[in-house]
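Chain by chain, the residues run as shown.
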Protein chains: 2
Amino acid sequence: MIRHSFEITLPQWCIDMAASLPDALTATEDRMALAIELSRQNVENETGGPFGAVVAGMESGKIIALGVNRVEPETCSSAHAEIVALSLAQQRLGTWNLAEAVPEPLELVTSCEPCAMCLGAIPWSGVRRVICGATKQHAEETGFDEGARDPAWREILNRRGIELQTAVLHEQAAEVLRRYRASGARIYNP
Amino acid sequence: MIRHSFEITLPQWCIDMAASLPDALTATEDRMALAIELSRQNVENETGGPFGAVVAGMESGKIIALGVNRVEPETCSSAHAEIVALSLAQQRLGTWNLAEAVPEPLELVTSCEPCAMCLGAIPWSGVRRVICGATKQHAEETGFDEGARDPAWREILNRRGIELQTAVLHEQAAEVLRRYRASGARIYNP
């Protein structure tokens, strides 16, 4: 019997955390600190892999959506933090194209550079900026696989009018990956 | 207020169709014909873009999951037919890694070559073969954007032990894309 639907849900601690967040975080570093905190809490609460993401307004810093890695709890290999955050932003704003959604452009803030899948998803989402914490090197040093991401990924994004900033609070972001590895948790790439 | 979850559901006609399918389709062409029929019906029923996909057993041809493009109806830019079919297969089999799921390896049969996002998703899913109908050229001729898919995508898949077959029933698959374009329906890339 085929399945008819699938659902991806944020963990309860994340929903609780969202209720106590300010409406906006005006500094880029504060939005990244939130993405990293999501990655850390996701490990501590054992609700997925060590990755967090935020969709926010580029001008106001308004928090539109949160995401954490949900691959294992939701048995869904595409439930990366970035895909979760982008999908929840689209649900909230009622459009698959975030470029059409609000008066200001939106950005994706992610605790780690996107894998090949998430890089491919970004241009379809309508975000206009991507801000990354831990680098590909950090991810690979801790055993994660980024897939065959094009080395020219900055140009791939820029050509579509999407700005990229990397290595924002990268040491704090990488520390979560290291702690995850040290914990002996499963590194889940097929 | 942030959203806590999102759900992707097959359209009712697809659920109805599934109920009358045989358990298995032993010929590759028959599995592709099903993927193309899904793409055609998705257009005719106005339930998403002109793309369909099937996850099946490589040896038995057993139908594990169906997928159609649900980007516009579900307001989710990543709800491509391939992601939907892979996610529903993972839900059914209770694992994010389809390589671990069943005694036989599984394949993804898709009515059109995957975009950059779906190509990136395939290695994470655990399928061991990908079979494609319409080509990148067909997709682009009808106005669809495949994204920055690496021209060496066959090697990218092969390096991870994933076999690729392209242009299976490609004329029938491309005809659905052409009819979609001729209908004046929206070609939805940001």
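The structure presented is a predicted model; accordingly, all values stated were derived computationally and were not measured.

Caption draft 1: View of the overall build of chain A. Looking only at helices and strands, chain A has seven helices and six strands in total. In sequence order, the secondary structure elements of chain A are arranged as β-α-α-β-β-α-β-α-β-α-α-β-α. Taking 2.2 N^0.38 as the reference for a compact globule, 190 residues should give roughly 16 Å; the C-alpha atoms of chain A span a radius of gyration of 15 Å, in line with that estimate. Residues classed as buried in chain A amount to 53% of the 190 residues present.

Caption draft 2: Representation of the pairing of strand β2 (residues 52-57) of chain B. Residue and element names in this part refer to chain B. Summarising burial for β2: six of the six residues are buried, a large majority. Residues Gly52, Val54 and Ala56 line one face of β2 and the alternating positions Ala53, Val55 and Gly57 line the opposite face, and both faces are buried. Summarising the sheet, β2 and strand β3 (residues 63-68) pair through five bridges and their orientation is antiparallel. Among the inter-strand pairings, Val54 is bridged to a residue of β3, identified as Leu66. The antiparallel hairpin formed by β2 and β3 contains five residues in its connecting segment, where Gly61 sits at a positive phi of about 75 degrees.

Caption draft 3: Local environment of helix α7 (residues 170-182) of chain A. Residue and element names in this part refer to chain A. Compared with an ideal rise of 1.5 Å per residue, which puts 13 residues at 18 Å, α7 spans 18 Å between its outermost C-alpha atoms and is within 8% of the ideal. Among the residues making up α7, those that are buried are His170, Ala173, Ala174, Val176, Leu177 and Tyr180. Projected down its long axis, α7 shows its buried positions confined to an angular sector of 145 degrees, all on one face. In α7, the exposed positions that point more than 90 degrees away from the buried face belong to Glu171 and Ala182. Elements that come into contact with the buried residues of α7 comprise α2 (28-44), β4 (106-112), β5 (129-134) and α5 (136-141).

About the cut-offs
Residues numbered from 1 in each chain as written. Chains lettered and ligands numbered in written order. Predicted model: local features only at pLDDT ≥ 70, side-chain atom pairs only at ≥ 80, totals over all residues. Helix = DSSP H or I, 4+ residues; strand = E, 2+ residues; numbered from the N terminus. Rg over C-alpha atoms; globule rule 2.2 N^0.38 Å. Buried ≥ 20, exposed ≤ 12 C-beta atoms within 10 Å, placed from the backbone. Pairing = 2+ DSSP bridges. Expected span 1.5 Å × (residues − 1). Arc of directions from axis to C-beta. Contact = placed C-beta atoms within 7 Å.

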